[in-house]
Amino acid sequence: MELFLMSSAVLLSMMGLYMGRCVYLLPLRPKHFIHGICRALKASNGDGITPYEAFSAALGGCVGTGNIAGVAGAIAIGGPGAIFWLWISGILGMATKYAEALIAIRYRPGGGKDNAGGTMYCIVLGMGRGAWPLAAAFSVFALLASLACGNIVQSNTLALAAASAAGALGFGEHIGLVKLMAGIITAALIYIVLRGGAKGICSAAGKIVPVMSAVYIIAAAAVIYMFRAKLPEVLKMIMDGAFGLKSMAGGAAGFTMAQGIRVGMMRGIFSNEAGIGSATMAYSSPKNGADEAETAMLAAFDVFIDTIVICTLTAFAVLCAADYIPYGYAEADGMAICLSAFSKLMGSGAAGVFLAVSSALFAFSSMITWAMYGERALCFLSHDRGQGIYRICFAVICLIGSLSMPGIVWSMGEVFNALMALPNIIMLIALSGEIKRASKHYLAWRGRI
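Rules used in this analysis
- Residues numbered from 1 in each chain as written.
- Predicted model: local features only at pLDDT ≥ 70, side-chain atom pairs only at ≥ 80, totals over all residues.
- Heavy atoms only, no water.
- Salt bridge = Lys/Arg side-chain N within 4 Å of Asp/Glu carboxyl O.
- Helix = DSSP H or I, 4+ residues; strand = E, 2+ residues; numbered from the N terminus.
- Buried < 20%, exposed > 50% of the residue type's maximum accessible area, 1.4 Å probe, protein only.
- Core = buried A, V, L, I, M, F, W, Y, C linked by side-chain atoms within 4.5 Å.
- Contact = heavy atoms within 4.5 Å.

Undergrad: What is the right way to read the pattern of salt bridges from this model?
TA: Where charged atoms from two side chains of opposite charge come close, those side chains can pair. Under the defined criterion, the tally for this structure stands at seven salt bridges. Note that Arg391 and Glu375 form a salt bridge whose closest N and O atoms lie 2.8 Å from each other. With Arg391 in helix H16 (residues 387-402) and Glu375 in helix H15 (residues 348-382), this pair connects stretches of sequence that are 16 residues apart. Glu375 shares its class with Arg391; the two are buried. When salt bridges with common partners are traced through the structure, they connect Arg106, Glu292 and Glu434 into a single cluster.

The structure is reproduced here in structure tokens:
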């Protein structure tokens, strides 16, 4: 399984290089990037889903507990150098996700009259009906991933976060009851949001994601500012570790370049979801508004926020302030490492509550977005039937997940994500000519190529 996931990460990285060439490095051109984002965020679709809401939903799907505990765990497993390769995965992923969104906006069923869309429709409409089995395979993997990583793992994380907060507030003897109540409340809220359909999900994400991201970014930045004198040393550790140099100090010494690449690239790619094709189901939702290339620019922006901003801030906070990082320990508790760092800013009790609430909000935003992805996949397979049953099942599984041990489910979810990437990559390669022409046209329209 580890070899399969590593091979997938390498394949997605190569795809990022190829897509970067096809889109003329458009997401890496600051002038066009910023201009496109600003125009897309200002666009309004009346009563429909706006580009901003689609962006919030997609960002909520990829910003999760992996941005907190996952980053700290990556440092423990792969050394500080893993962060450099996480950055590389983010830079490459920006081009891939831009290309995914661009083609998803172009190939929407009914010409965009419905909220439906995604890689499965791009395959059928762009590659022909003969490619339906490939689209069906993508939909099946997306449906399974929505119930595994998108539900059980996240609901369990949310319940553990609630239990952690209860412990920090002195209610440790009622952990079991707290987890059960967290599961019931989460399941009820999830079902209420899902009944609002895609518009309700995107609207909820538009309210939750910006606030939770901003608060976490401010707190992490404050920790880094407290220990700003250590930043040169931290940067040196990251660069030395990235290339396997022997000049690293302390327990970080001895990590190989291959180890850093493996951990950093895998954590980065499966955090920002670039190349997996999941976000195409969010960015295909807006019916009108901004230019398609400008809306697609938001997809590159969510990779930037997820990987370059939030993951980096977590990494710097941990490397600057954590008392102890168990380097080389594959089962390292990433949340405990983060707690050690944030405790320097707000004390252990307040830090525990803050990280618990942040994790809960990150998990909830991921769940509602992945529920939308799973429902879209089911609708494609069942010709728009079964949404009601899916929503009930998703809520029930959410309650079960809050009381379960999701270790094997997490591994299965990562495999389903990687399997989703295969049809998506085939689609991107098949339609790369259109991606290239659309990007060239946009650059020409903007007066520069």
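Undergrad: Just to check I follow, could you spell out the nonpolar core for this structure?
TA: Generally speaking, nonpolar side chains in soluble globular proteins are found buried as a group. Counting residues in hydrophobic clusters, the biggest one holds 146 residues, and the most contacted among them are Tyr98, Tyr216, Tyr283, Phe342 and Ile435. It is helix H13 (residues 292-321) that contributes the most residues to this core, 20 residues altogether. Ignoring any residue separated from it by four or fewer positions in sequence, one finds Tyr98 in contact with Val23, Leu26, Pro27, Ala293, Ala296, Met297, Ala299, Ala300 and Ser439.

Undergrad: Is there a simple way to explain the environment of Ile426 in this structure?
TA: Here Ile426 lies in helix H17 (residues 407-430). You can call Ile426 partly exposed: its relative accessible area is 40%. Between the C-alpha atoms of Ile426 and Met127, which are 299 residues apart in sequence, the distance is 10.0 Å. Those residues within four positions of Ile426 in sequence are excluded, and the remaining contacts are Met127 and Leu134.

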